[in-house]
Amino acid sequence: MKSFNVTLKKVVDDSYDIDIGYGLENRLISDLKSGLCKGYKKAAVISDSIVAPLYAERISQKLSENGFMPELFVFPEGEKSKVRKTKEILEDNMLEHGFRRDCFVLAVGGGVVTDLAGFLAGTFGRGVPFVNYATTLLAAADASVGGKTAVDTPLATNLIGLFNQPQKVYIDLDTWKTLPKRQISSGLAETVKHAMMADKEFFEYLENNVLRVFESDSSVCEHIAEKNCEIKYSVVMKDEREASLREILNLGHTVGRAIETVSEYRLLHGEAVAIGLLAECELSVSMGFMTKDEVQRVKSLLHKCGLSTDIPEYIDRKQLMEKLYTDKKVRDGKLRFVLQDGLGKVKQFGDAWAVAIDKSEIEKIILNMK
Ligand code: GLY
């Protein structure tokens, strides 16, 4: 017998910048000209049917005027498109247009676009660079930062994907002005989540100022975008691959993701997370980690954001209970939850940030919720 050792120790630097500002298209072009994506000229601009005419077409045009060779690939908007089939269609389309390894991917859109395009970039030609140009509050607050890329499957959301960090993230606050109110509310759910888990002062700021987001108040939008980024990247920098701490970013998501799937995406991601946040607050109360007054404040803030905290009538609560078991935090068949420790903090359990909860405990809460 002969045995070999293939030594492949790696030092990887996946650091990247996030720019927050207004009308960042020219900035993007100038970064690309300075070699942001290895100096590649071929750009696969991936967007959805709503964002493409608003932003991606113009960005493609600018790329072309500046010596790049862009091709725009557009898929139908909505979470239902975030599936393997869409990825396959986009990939085949790119291949037919002569795209190989000498290209980069530019995702222009919200969370569905950045999740899908980032995953595609990670596997296309065994990996090409990608850039996120975030055009929604949800993408700004969560999806575009942190390198989680994935598609949904019929069983649950985000089950197939990669950790794949972008070369850079652009958060263009001008784009929030064209967002429907429902989309703003959805993004605010992730914002409230960040405040609940990490920053009481930010929570209070939201209580006092959140309504001004709907009026596109620039100082409030800027503060919210910056705080979301700060809170998210401070967690990701410590635990990129969710070995432990990053689980806290799943606050509200155990129930939230399950409701989102059971609703068959009638609920937007943030709308489902809002209900999940309330369920997990109730669980925190039952365990003595949170007061009823604090839960009331969370509920009032979510309502101020235009989010309902009631489980819609069309949701089958039994099916919802079963769906909880598709959560990626499940360990040894037990449901595990991230829980609040008052406002602005999550509870730590020894070295862990999520705790196993008996099915009967969470069932009680789900059955008692409005
Ligand atoms: N959206 C949760 C995370 O990025 O970990």
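This write-up is about the structure you can find in this document. (Residues numbered from 1 in each chain as written. Predicted model: local features only at pLDDT ≥ 70, side-chain atom pairs only at ≥ 80, totals over all residues. Heavy atoms only, no water.)

## Description of the pattern of salt bridges
Phase 1: Taken as a whole, this structure holds 25 salt bridges when the rule is applied.
Phase 2: Taking the shortest distance from any N to any O, the salt bridge between D199 and K227 comes out at 3.1 Å. Here D199 is found in the loop between α6 (181-198) and α7 (200-209), whereas its partner K227 is found in helix α8 (residues 218-238), with 28 residues between them in sequence. Residue D199 shares its accessibility class with K227, and that shared class is buried. (Salt bridge = Lys/Arg side-chain N within 4 Å of Asp/Glu carboxyl O. Helix = DSSP H or I, 4+ residues; strand = E, 2+ residues; numbered from the N terminus. Buried < 20%, exposed > 50% of the residue type's maximum accessible area, 1.4 Å probe, protein only.)

## Section: the sheet that holds strand β4 (residues 103-109)
Phase 1: Pairing in this open sheet of 6 strands is parallel, and the strands run β1-β8-β5-β4-β2-β3 from one edge to the other. Each edge of the open sheet is held by one strand with a lone partner, namely β1 (17-21) and β3 (69-75). Averaged over all adjacent pairs, the angle separating strand axes in this sheet is 15°, with direction ignored.
Phase 2: As paired elements, strand β2 (residues 42-48) and β4 share 6 bridges and run parallel to each other. Each bridged residue has a counterpart across the sheet, and for A44 the counterpart in β4 is V105.
Phase 3: Strands β1 and β8 (168-172) of the sheet are contacted by α8, whose axis makes an angle of about 165° with β1. (Pairing = 2+ DSSP bridges. Axes fitted to C-alpha atoms, helices over the stretch in contact; angles between N-to-C directions. Contact = heavy atoms within 4.5 Å.)

## Digging into α7
Phase 1: Along α7, the residues that are buried comprise F202, F203, L206, E207 and N209.
Phase 2: Looking at the buried residues of α7, the elements they touch are α6, α8 and α11 (292-304).

## A short note on the site of the ligand
Phase 1: In the neighbourhood of the ligand, the contacting residues comprise D142, K148, K232, R246 and L249.
Phase 2: The contact in question runs from a nitrogen atom of the ligand to an N or O atom on the side chain of D142, over 3.1 Å.
Phase 3: Take K232: an N or O atom from its side chain is 2.7 Å from an oxygen atom of the ligand.
Phase 4: The class makeup of the residues in the shell around the ligand is 1 nonpolar, no polar and 4 charged. (Near = heavy atom within 4 Å. Polar contact = N/O pair within 3.5 Å; in protein donor to acceptor, adjacent residues only side chain to side chain. Nonpolar A, V, L, I, M, F, W, Y, C, P; charged D, E, K, R; others polar.)

## Some remarks on the nonpolar core
Phase 1: Formed by 75 residues in total, the largest nonpolar core has its most connected members in W176, V213, I224, I259 and I362.
Phase 2: The greatest single-element share of this core, amounting to 9 residues, is contributed by helix α10 (residues 269-286).
Phase 3: Setting aside residues up to four positions removed in sequence, V213 forms contacts with L137, I184, L188, V220, C221 and I224. (Core = buried A, V, L, I, M, F, W, Y, C linked by side-chain atoms within 4.5 Å.)

## A short note on the layout of surface pockets
Phase 1: Taken as a whole, the second largest pocket encloses approximately 270 Å³ of empty space.
Phase 2: As for the second largest pocket, its lining consists of D14, S15, Y16, I18, V145, G146, Q165, Y233, V236, M237 and E240.
Phase 3: No other element matches the 3 residues that α8 contributes to the lining of the second largest pocket.
Phase 4: For the lining of the second largest pocket, a count of residues per class yields 6 nonpolar, 3 polar and 2 charged. (1 Å grid on protein atoms, 1.4 Å probe; cavity = no way out; pocket = protein on both sides within 12 Å on 5 of 7 lines; lining within 4 Å. Points joined across faces, edges and corners; volume = space filled by probe spheres on them.)

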